[in-house]
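# Working through the structure, step by step
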Amino acid sequence: MPRQKTYSNQKLTDESLLALTIISNCDLSGKEIIKEIQIQTKNKFILSTSTIYQIIKNLKNYGFVDQIKKIGKQKYIHITDYGLEILYREIKRRKDYLTTLNNIIEDNK
């Protein structure tokens, strides 16, 4: 497993968050992640192969995911316990941020 880097003050990009969320449901290959993101977002997010593999590389470097098996050329990616922790933390952070924005908007009406 790669050495986990410090993640304390960093934030996941929208695309990385999408990929991590998709991987949290089941182990997928890069191509399957691209397809699933497209399906789940109703084509609002369409990632290229090079983009998804860069995202996977970054997620692996932080210890959020790892490769669990390889079948032919397909490498299947699995979310780690640390990755799940970060995913839930990031979702909570974003929800709190949106709640704050909404409160500001409502207070200014």
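The coordinates are above.
Description of the structure in this document.

What counts and what doesn't
- Residue indices follow the written sequence of each chain, beginning from 1 at its first position.
- The model is predicted, so local features are restricted to residues of pLDDT at least 70 and side-chain atom pairs to those at 80 or more, both for listing and for counting; the totals for chains, interfaces and linings are taken over all residues.
- Side-chain metrics rest on all non-hydrogen atoms present in the structure, leaving aside hydrogens and water.
- A run of DSSP states H or I qualifies as a helix once it reaches four residues; a run of E qualifies as a strand once it reaches two. Both are numbered from the N-terminal end.
- The rule is simple: take the accessible area with a 1.4 Å probe, protein chains only, and divide by the maximum for that residue type; under 20% is buried, over 50% is exposed, in between is partly exposed.
- Any pair of residues with heavy atoms lying within 4.5 Å of one another is described as a contacting pair.
- One less than the number of residues in a helix, times 1.5 Å, gives the span that helix is expected to have.
- Angles shown run from 0 to 180 degrees and are taken between the N-to-C directions of axes, each axis being a line fitted to C-alpha atoms and, for helices, limited to the stretch in contact.
- Roughly parallel means an angle under 35 degrees; roughly antiparallel means over 145; roughly perpendicular covers 65 to 115; every other angle is labelled oblique.
- Think of the arc as the fan of directions from the helix axis to the C-beta atoms.

### Quick look at the overall build of the chain
- Each helix and strand counted, the chain has four helices and two strands in total.
- Traced from its N-terminal end to its C-terminal end, the chain shows the element sequence α-α-α-β-β-α.
- Referenced to the eigenvectors of the C-alpha coordinate spread, the extents of the chain come out at roughly 60 × 35 × 20 Å.
- Counting the 109 residues in the chain, one finds 31% classified as buried.
- Nonlocal contacts in the chain, meaning residues at least 24 apart in sequence, comprise 54% of its contacts between residues at least 6 apart.

### Some thoughts on helix H3 (residues 49-61)
- Taking 1.5 Å as the rise per residue, H3 with 13 residues should run 18 Å; its terminal C-alpha atoms sit 18 Å apart, in good agreement.
- Along its buried surface, H3 packs onto helix H1 (14-25), helix H2 (30-40), strand E1 (65-71) and strand E2 (74-79).
- Note on H3: the residue one or two positions beyond its end, Gly63, has a positive phi of about 80°.

### What to know about the packing of H2 against H3
- In the contact formed by H2 and H3, the axes pass within 10 Å of each other and the chain directions differ by 110°. The orientation of H2 relative to H3 falls into the category roughly perpendicular. Of the residues in H3, those in contact with Gly30, Lys31, Ile33, Ile34 and Ile37 of H2 are Thr49, Ile52, Tyr53 and Ile56.

### Describing H2
- Taken together, the buried positions of H2 are Gly30, Ile33, Ile34 and Ile37. The arc that holds every buried residue of H2, seen down its axis, measures 100°, which confines them to one face. Opposite the buried face of H2, by more than 90 degrees, sit the exposed residues Lys31 and Lys35.
- The elements touched by buried residues of H2 are H1, H3 and E2.
- Looking at the residues trailing H2, positive phi occurs at Lys42, about 55°.

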